[in-house]
Structures are given as structure tokens and as C-alpha cells.
Amino acid sequence: MAPLDILLEVQGRDTTLDQLAHRRATLPARADLAAVEERLADIAARRARAEDDRRVLSERQGRLESDIAAVARRIHEVEGRMYSGEVSASRELMAMSEEVESLNRRRRELEDMAFEAMAAGEPVDAELAGLAAEQAGAEADAERLRGVIGEAETEIDAEVAAETQARTALAADLPDELTQRYERLRVRLGGVGAARLEHGSCGGCHLALPAVELDHIRRAPPEAIITCEQCGRILVR
Ligand SMILES: [Zn+2]
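A brief report on the enclosed structure follows. Sequence order sets the numbering: in each chain, residues are counted from 1 along the sequence as written. Local features are withheld for residues below a pLDDT of 70 in this predicted model, meaning they are given only at 70 or higher, and side-chain atom pairs are given and counted only at 80 or more; totals for whole chains, interfaces and linings count all residues.

### Examining the packing of helix H1 (residues 3–25) against helix H3 (residues 90–171)
Move 1: Two elements in contact, H1 and H3, have axes separated by 9 Å at closest approach and are oriented at 160°. As the angle between them shows, H1 and H3 are arranged roughly antiparallel. Helix-helix and strand crossings are classified by hand; for H1 and H3 the assignment is left-handed. Contacts between H1 and H3 pair Ile6, Glu9, Val10, Arg13, Asp14, Thr16, Leu17, Leu20, Arg23 and Arg24 from the former with Glu153, Ile156, Glu159, Val160, Glu163, Thr164, Ala166, Arg167, Leu170 and Ala171 from the latter. The axes are straight lines fitted to the C-alpha atoms, using for helices just the contacting stretch, and the angles between their N-to-C directions are given from 0 to 180°. The helix count covers DSSP runs of H or I at least four residues long, the strand count covers runs of E at least two residues long, and both are numbered beginning at the N terminus. Just so you know how the angles are binned, under 35 degrees is roughly parallel, over 145 roughly antiparallel, 65 to 115 roughly perpendicular, and the rest oblique. If you view the pair so one helix is near and one far, a crossing is left-handed when the near helix is turned anticlockwise from the far one by less than a right angle, and right-handed when it is turned clockwise. Here the contact rule is simple: place C-beta atoms from the backbone, and any two residues whose C-beta atoms are within 7 Å are in contact.

### Digging into the sheet that holds strand E2 (residues 201–202)
Move 1: Pairing between two strands requires that DSSP report at least two bridges joining them. The four strands are arranged E2-E1-E4-E3 in an open sheet whose pairing can be described as mixed. Edge positions in the sheet fall to E2 and strand E3 (226–227), since each of these pairs with one other strand and no more.
Move 2: Pairing of strand E1 (residues 194–198) with E2, which is carried by two bridges, proceeds in the antiparallel orientation. From the neighbouring strand, Leu197 faces E2, where its bridge partner is Cys202.

### Quick word on the packing of helix H2 (residues 28–82) against H3
Move 1: It is at 6 Å that the axes of H2 and H3 come closest, and there the two elements cross at 160°. As summarised for this structure, H2 and H3 are arranged roughly antiparallel, according to the angle between their axes. Where H2 crosses over H3, the handedness of that crossing is left-handed.
Move 2: When grouped by side-chain class, the residues that make up the contact of H2 with H3 number 33 nonpolar, six polar and 24 charged. Only Asp, Glu, Lys and Arg are considered charged, only Ala, Val, Leu, Ile, Met, Phe, Trp, Tyr, Cys and Pro nonpolar, and every remaining residue, Gly among them, polar.

### Thoughts on the nonpolar core
Move 1: Structurally, a nonpolar core is described as a collection of buried Ala, Val, Leu, Ile, Met, Phe, Trp, Tyr and Cys residues joined by way of C-beta atoms within 7 Å. Using C-beta atoms placed from the backbone, we call a residue buried if 20 or more other C-beta atoms fall within 10 Å of its own, exposed if 12 or fewer do, and partly exposed for counts in between. Leu7, Ala194, Ala195, Ile234, Leu235 and Val236 are the most contacted members of the largest nonpolar core, which has 14 residues in total.
Move 2: Apart from residues no more than four positions distant in its own chain, Leu7 is found in contact with Leu174, Leu178, Tyr182, Ala194, Ile234 and Val236.

Following this line, the structure appears as C-alpha cells:
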């Protein structure tokens, strides 16, 4: 095979490799995974806020319960003295009875507040349970998508390996100078460094070559390397 025909085949393999790399980078599952990861971050933020709320409510409930216990101890103390028989002055007994009454009022208030704190915790607990379920679902989605991506990558990588091997074998037969020239053009011209000349048009830029130029090409020796004067690509006759 003539070097230029080989070059065109190398170009074909390179184009396939570029397409494979593009397919690998833009797998639809990658965008899906990014969306799921965003959802997971949002769930985590909502969960952190709900856990904060839950902690504040639990602490308030804990404080109220210890206040209730302190009031109950005080009531027990005062009542103990009242009924011990040690105190006989009616004025003092009256004051103690009033204190017990006031402490009981205080205890009821605290109990109401503790009940409110407990009740306020219920919707937060429900929210936390909902978020945990949502998170588990999203994590399962992410896991599945990672699997899909991994499988697609393995498949593409196998194609890349096969293409690369075929390309390397082909390119081994090309003169270094031609290869280097082709590589430079490929970098500069969006991956296409060599194209076929077909029906008087360049297969790279798709423009028709002027008649004079075509005539010049026709008369050039077959091994001569000609380029498209419009885009600069190597033309293969
Ligand atoms: Zn061209």
C-alpha cells in the first residue's frame, strides 16, 4: 500500500479514536450521576439542618425535664417538712403550703413546655426518616450509574486498545517526516490532517479546488505529497 493510502487509514483510525474518547467523556450516565450527586449534597444539607433542629429540641426537652425533677424534689422537701410535725406555727405552714402551690403551678408549666418540645420533635423525626430514605434511594441510583459508567468505560477501553494497536501497526510503515507533518496538521485542524481528494473537492474542508490547481495535481508524480491550498490538509488522490 502506498504511504498516502496508509496515511488515510491511519487518519480513519485516529478519527475513530477521537470519537471513542469523546463518547467516553460524554457518557449520558455521567450527567445523570452528576445530577444524583447534586441531589445527595442537597439531602445532606437538609439532613444537617434537621439534625440541628432535633438536637436543639432534645436539649430543650432535657433541660425542662431536669427542671421538672428539681421542682419535684423541692415539693417533696417542703411537703416533708410540712407533715413532719416539726413546724407548728400556722403562719409558717401557710407560707409552705403557698410555696407548694406555686411549685406545682411551675411544674405544670414546665411539663406543658416539655410536652411542646416533644411534640415539636415529631415532625422533625419524620423529616429525618424521610431524608434518610431519600438518601438511600439516591445512593442506590449513584451506585447503579457508577456501574453503568464502569461497564461502558471497559467496553470503550477495549475498542480503544484494538484501534490503537491497529493504528500503531499501520503507522509503523509511514515515513517519519510524513507522520510528523500529519500530526501537526491534526493538532491544528480539529483532528483531521489528511483527506481524500474526491470529485475535485477536498474531503477535509469540502471546498472544490480550482481547475488550475486540479490540473497541477493531476500532473504531479503519484508519490508527491500535495496539500489542499485552502485548508492545508494532505490530500490523498
Ligand atoms: Zn481542504
